[in-house]
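Read off the chains here:
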Amino acid sequence: VQLQASGGGLVQAGGSLRLSCAASGRTFSSYNMGWFRQAPGKEREFVAAISRGGGRTEYVDSVKGRFTISRDNAKNTVYLQMNSLKPEDTAVYYCAAKVGVINTRRPDYDYWGQGTLVTVSS
């Protein structure tokens, strides 16, 4: 599966953005999907994940209550709605896909998109 992330940009603290990740192929619904982010000088970290059917989600504690992951299998797209953004959310955001069960482990994700930059100004 090929992944194309979009929707990043510059936003003020407290603002919102919605990221999208479009997948190619006919088997999108076979994959659990995740969002990760990498800030300058830091390792790539897990942000959120959603199961194949959308019934289960996982979030890193720092975004709980602010970010929402969702998916539309008919459109082969996964979304990350980000509200109440903070400067510490500034990073390149990557979408990723994995088979099997949903989890938060970066090495378990098989396919990665190219990343989209989110910059939150204070």
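What counts as what
Residues numbered from 1 in each chain as written. Predicted model: local features only at pLDDT ≥ 70, side-chain atom pairs only at ≥ 80, totals over all residues. Heavy atoms only, no water. Helix = DSSP H or I, 4+ residues; strand = E, 2+ residues; numbered from the N terminus. Buried < 20%, exposed > 50% of the residue type's maximum accessible area, 1.4 Å probe, protein only. Contact = heavy atoms within 4.5 Å. Salt bridge = Lys/Arg side-chain N within 4 Å of Asp/Glu carboxyl O. Phe/Tyr/Trp six-rings, centres within 6.5 Å; stacked < 30°, edge-to-face > 60°. Lys NZ or Arg CZ within 6 Å of the ring centre and 35° of its normal. Pairing = 2+ DSSP bridges.

Concerning the side chain of S20
Within the secondary structure, S20 sits in strand β3 (residues 17-23). For S20, a relative accessible area of 17% corresponds to the buried category. Ignoring sequence-local partners within four residues, the contact set of S20 consists of Q4, A5, S6, W35, T77, V78 and Y79.

Remarks on the pattern of salt bridges
Summed over all chains, the structure comprises six salt bridges. The partner of D89 in a salt bridge is R37, with the nearest N and O atoms 2.9 Å apart. A residue pair is termed long-range when its members are at least 10 positions apart, and D89 in the loop between β8 (77-82) and β9 (91-98) and R37 in strand β4 (residues 32-38) qualify at 52 residues. Here D89 matches R37 in class, with each residue buried. Between E58 and R56 there is a salt bridge, and its shortest N-O distance comes to 2.8 Å.

Section: the environment of G55
Examined against the element boundaries, G55 turns out to sit in the loop between β5 (45-50) and β6 (57-59). Classification of G55 as exposed rests on a relative accessible area of 77%.

As for unusual backbone geometry
Peptide bonds are trans in most cases, and residues, glycine excluded, mostly fall at negative phi. One non-glycine residue, N76, lies in positive phi territory at about 55°. Looking at the secondary structure, you find N76 in the loop between β7 (67-72) and β8. The exposure class assigned to N76 is buried, which follows from its relative accessible area of 18%. Residue S84 is not a glycine yet carries a positive backbone phi of 50°. The residue S84 is located in the loop between β8 and β9 in this model.

Some remarks on the packing of aromatic side chains
Taken as a whole and assessed by the stated rule, the structure comprises five aromatic pairs. Relative to F46, the ring of F36 has its centre 5.7 Å away and its plane inclined at 75°; by these criteria the two rings are edge-to-face. You can see F36 sitting in strand β4 and its partner F46 sitting in strand β5, a full ten residues away along the chain. For the residue pair F36 and F46, the accessibility class agrees, reading buried in each case. Members of the aromatic cluster, joined through ring pairs, are F36, F46, Y109 and W112. Seen from the ring of Y94, R44 lies directly overhead, with NZ or CZ sitting 3.6 Å from the centre. The ring of W112 is capped by R44, whose NZ or CZ atom sits 5.0 Å from the centre of that ring.

Describing the pairing of strand β11 (residues 116-121)
In β11, alternate side chains face the same way, and those of T116, V118 and V120 are buried while those of L117, T119 and S121 on the opposite face are not. In the sheet, strand β2 (residues 9-12) pairs with β11 via four bridges, with the strands oriented parallel. By the bridge assignment for β11, Q12 is matched with S121.

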